[in-house]
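Each chain, letter by letter, is given below.
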Amino acid sequence: MSLILQSDLLPGVRQLMFNRPEKLNALSTPMMAEFDAALDACAADPSVRVVVLRGAGGKAFVAGADIAEYQGDKRAAFIAYQMNSRRVFDKLESLPKPVICVVDGFALGGGFEIALCCDILILSDTAQLGLPEGRLGLCPGGGGTQRLVRAIGKYAASDLMLAGWRMTADRAHALGIAAEVVGLDALDDAILKRARACLKTAPLAQAEMKRLMREGVDAPSETGKSFEQEVLFRLYSSDDGQEGINAFLEKRDPEFKGK
Ligand code: COA
């Protein structure tokens, strides 16, 4: 049985579903390997325009790393697992396509770290998010401390990590992490609505805007602004840039080709 179920929700929209519901989709080493390969496949396939991440079973997105693998002070294996998580999460963050993360239950530890690498979060009102590693005597290892503080600031991040809280969907929305919070029965429609909207935005522009935000966040503002204009001037002369302008003036839908 595959640990990552792949399906197309719409033409161009690939869903990757973490599939280990009996363990709340905890990220085992084999699951991480399948996820890694699935990300490569999404990146390499030009017909995939949008990626949706979701957890199977309705109780969890991902409840974190597989704690059973940690038992027994297997230091070398633990370090290898953490290095690999960091690499895979970085790969997810830099995927040059929009990634929508759907959380309809627990997104804890590595599960929340994955969500923090995505672009758009859609939560059900049952979602609970957190980085509870401190309660295991550990800390996040896949970039959680760094991405969370950049996403919500020091005080909200400290509250979550140091107290080990799980935040509600409404709190995540109030902090600006969640694009939308919906009831469970409205979740599928909300995913399709966002995915369709992402399909209408030019793919090269999406890839470049993701890179500008990712690289710009740690760069001096002047450097980021120069980088932004370089990108814009390139996009302006691209086929898609010209097509988008022409289509607007001709009052028709653009046909973007990713060039
Ligand atoms: N690693 C390994 N197994 C996990 C897991 C994890 N991160 N999270 C849940 N599971 C397993 C449980 O051990 C249990 O397995 P079992 O039925 O064989 O005993 C099963 O998933 C269901 O979890 P359970 O704890 O019984 O569900 P719950 O509804 O009572 O509690 C949580 C849900 C999410 C609050 C609880 O499972 C939890 O705290 N998980 C760990 C979260 C965490 O610390 N993540 C960071 C890891 S670094």
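Remember, it's a predicted structure, so these values are computed and weren't measured experimentally. Residue numbering note: each chain is counted from 1, following its sequence as written. Local features in this predicted model are restricted to residues whose pLDDT is 70 or higher, and side-chain atom pairs enter the listing and the counts only when it is 80 or higher, whereas totals over whole chains, interfaces and linings include all residues. Excluded from the side-chain calculations are hydrogens and water; all other atoms, namely the structure's heavy atoms, are used.

Peer 1: I'd like a description of the sheet that holds strand β10 (residues 180-182), backed by residues and values.
Peer 2: Paired strands, in this sense, are two strands between which DSSP finds at least two bridges. Strands here are runs of E lasting at least two residues and helices are runs of H or I lasting at least four, both read from the DSSP assignment and numbered beginning at the N terminus. Judged by pairing direction, the sheet is mixed, and its 6 strands sit side by side in the order β1-β2-β3-β5-β7-β10 without closing on themselves. Edge positions in the open sheet fall to β1 (4-10) and β10, since each of these has one partner strand only. Ignoring which end each strand starts from, the neighbouring axes of this sheet average 20° apart. Note that strand β3 (residues 50-55) and strand β5 (residues 99-103) share 3 bridges and pair parallel. Within β5, the residue paired with V51 across the bridge is V99. Any two residues whose heavy atoms approach within 4.5 Å are treated as being in contact. To get an axis, a line is fitted to the C-alpha atoms, and for a helix only the part in contact is used. The angle between two axes follows their N-to-C directions and goes from 0 to 180 degrees. Lying on the sheet, helix α1 (residues 29-44) is in contact with β1, β2 (13-18) and β3; it crosses β2 at an angle near 175°.

Peer 1: Could you give me a rundown of the packing of helix α4 (residues 144-152) against helix α5 (residues 154-163), with the residues and numbers involved?
Peer 2: Between α4 and α5, the shortest axis-to-axis distance is 7 Å and the interhelical angle comes to 130°. If you check the angle between α4 and α5, you find them oblique. Between α4 and α5, the residues in contact are T145, L148, V149 and I152 and K154, A156, A157, L160 and M161, respectively. Gly is placed with the polar residues, together with every amino acid not listed as nonpolar (Ala, Val, Leu, Ile, Met, Phe, Trp, Tyr, Cys and Pro) or charged (Asp, Glu, Lys and Arg). A class-by-class count of the residues in the contact of α4 with α5 yields 7 nonpolar, 1 polar and 1 charged. For classification purposes, an angle smaller than 35 degrees is called roughly parallel, one larger than 145 roughly antiparallel, one from 65 to 115 roughly perpendicular, and anything else oblique.

Peer 1: With reference to specific residues and values, describe helix α7 (residues 187-199).
Peer 2: The first and last C-alpha atoms of α7 sit 18 Å apart over 13 residues, in line with the 18 Å expected at 1.5 Å per residue. Considered for burial, the residues of α7 that qualify are L187, A190, I191, A195 and C198. For α7, the angular spread of the buried residues around the axis is 130°, confining them to a single face. Helix span, as expected, comes to 1.5 Å for every residue beyond the first. Note on classification: 1.4 Å probe, protein chains only; a residue is buried when its accessible area is under 20% of the maximum for its type, exposed when over 50%, partly exposed between these limits. Think of it as the arc spanned by the lines of direction from the helix axis to the C-beta atoms.

Peer 1: Please provide a residue-by-residue account of the site of the ligand, values included.
Peer 2: Not every one of the 16 residues close to the ligand is listed here, only the nearest: K23, K59, A63, A65 and I67. Counted as a polar contact is a pair of N or O atoms within 3.5 Å, where, for protein atoms, one must be capable of donating a hydrogen and the other of accepting one, and residues adjacent in sequence contribute only when both atoms are in side chains. Separating an oxygen atom of the ligand from a side-chain N or O atom of K59 is a distance of 2.7 Å. A distance of 3.0 Å separates a nitrogen atom of the ligand from a polar atom in the backbone of A63. Across the shell around the ligand, the residue classes break down as 9 nonpolar, 1 polar and 6 charged. Whether a residue is near a molecule or strand depends on its heavy atoms: it is near if one of them lies within 4 Å of it.

Peer 1: So, the pattern of salt bridges: which residues are in play, and what are the values?
Peer 2: Salt-bridge detection follows one rule: a side-chain nitrogen of Lys or Arg within 4 Å of a carboxyl oxygen of Asp or Glu. The final tally for this structure, using the stated rule, is 21 salt bridges. Two residues, K210 and D119, come together in a salt bridge whose shortest N-O distance is 2.7 Å. A residue pair is termed long-range when its members are at least 10 positions apart, and K210 in helix α8 (residues 203-216) and D119 in the loop between α3 (110-116) and β7 (120-124) qualify at 91 residues. Since its relative accessible area comes to 8%, K210 is described here as buried. The exposure class assigned to D119 is partly exposed, which follows from its relative accessible area of 35%. Overlapping salt bridges bring together D36, D40, R87 and K91 as one network.

Peer 1: Describe the sheet that holds strand β6 (residues 106-108), and please don't skip the residues or the numbers.
Peer 2: Pairing in this open sheet of 4 strands is mixed, and the strands run β4-β6-β8-β9 from one edge to the other. In the strand order of this sheet, the two ends are held by β4 (60-62) and β9 (167-168), each with one partner. In terms of strand pairing, β6 meets strand β8 (residues 128-130) through 3 bridges, oriented parallel. What sits directly across from A107, in β8, is L129.

Peer 1: So what's going on with a negative patch on the surface? Which residues, and what values?
Peer 2: To count toward a patch, a residue needs a relative accessible area above 30% and no salt bridge. Like charges then connect within 9 Å, nonpolar side chains (Val, Leu, Ile, Met, Phe, Trp, Tyr) within 5 Å. Every accessible area reported is derived by Shrake-Rupley at a probe size of 1.4 Å, with residue values counting cover from the shown protein chains alone. Positive charges come from Lys and Arg, negative ones from Asp and Glu, while His and the chain ends are left out of the count. Every charge is mapped onto a representative atom, which is NZ of Lys, CZ of Arg, CG of Asp or CD of Glu. Taken together, the side chains of D125, D170, D185 and D189 make up a negatively charged region of the molecular surface. One can find D125 in the loop between β7 and β8. Its relative accessible area of 51% is what places D125 among the exposed residues.

Peer 1: Tell me what's going on with the domain arrangement of the protein chain, and back it up with residues and numbers.
Peer 2: Here the limits of each domain have been adopted from an automatic or database domain assignment. Entries for the protein chain in the domain assignment read domain 1 (4-199) and domain 2 (203-249). One C-alpha centre belongs to domain 1, the other to domain 2, and the line joining them spans 27 Å. Every contact between the two is made by 12 residues of domain 1 and, on the other side, 6 residues of domain 2. Surface buried jointly by domain 1 and domain 2 totals about 710 Å² across both partners, of which 48% is contributed by carbon and sulfur atoms. On the surface where domain 1 and domain 2 come into contact, there are 2 salt bridges. Counting across the interface, domain 1 meets domain 2 through 6 residue pairs in polar contact (both at pLDDT 80 or more). For the side of domain 1 that touches domain 2, the per-class residue count stands at 6 nonpolar, 1 polar and 5 charged. Buried area is calculated as the accessible area (1.4 Å probe) missing from two parts once they are joined, with the contributions of both summed.

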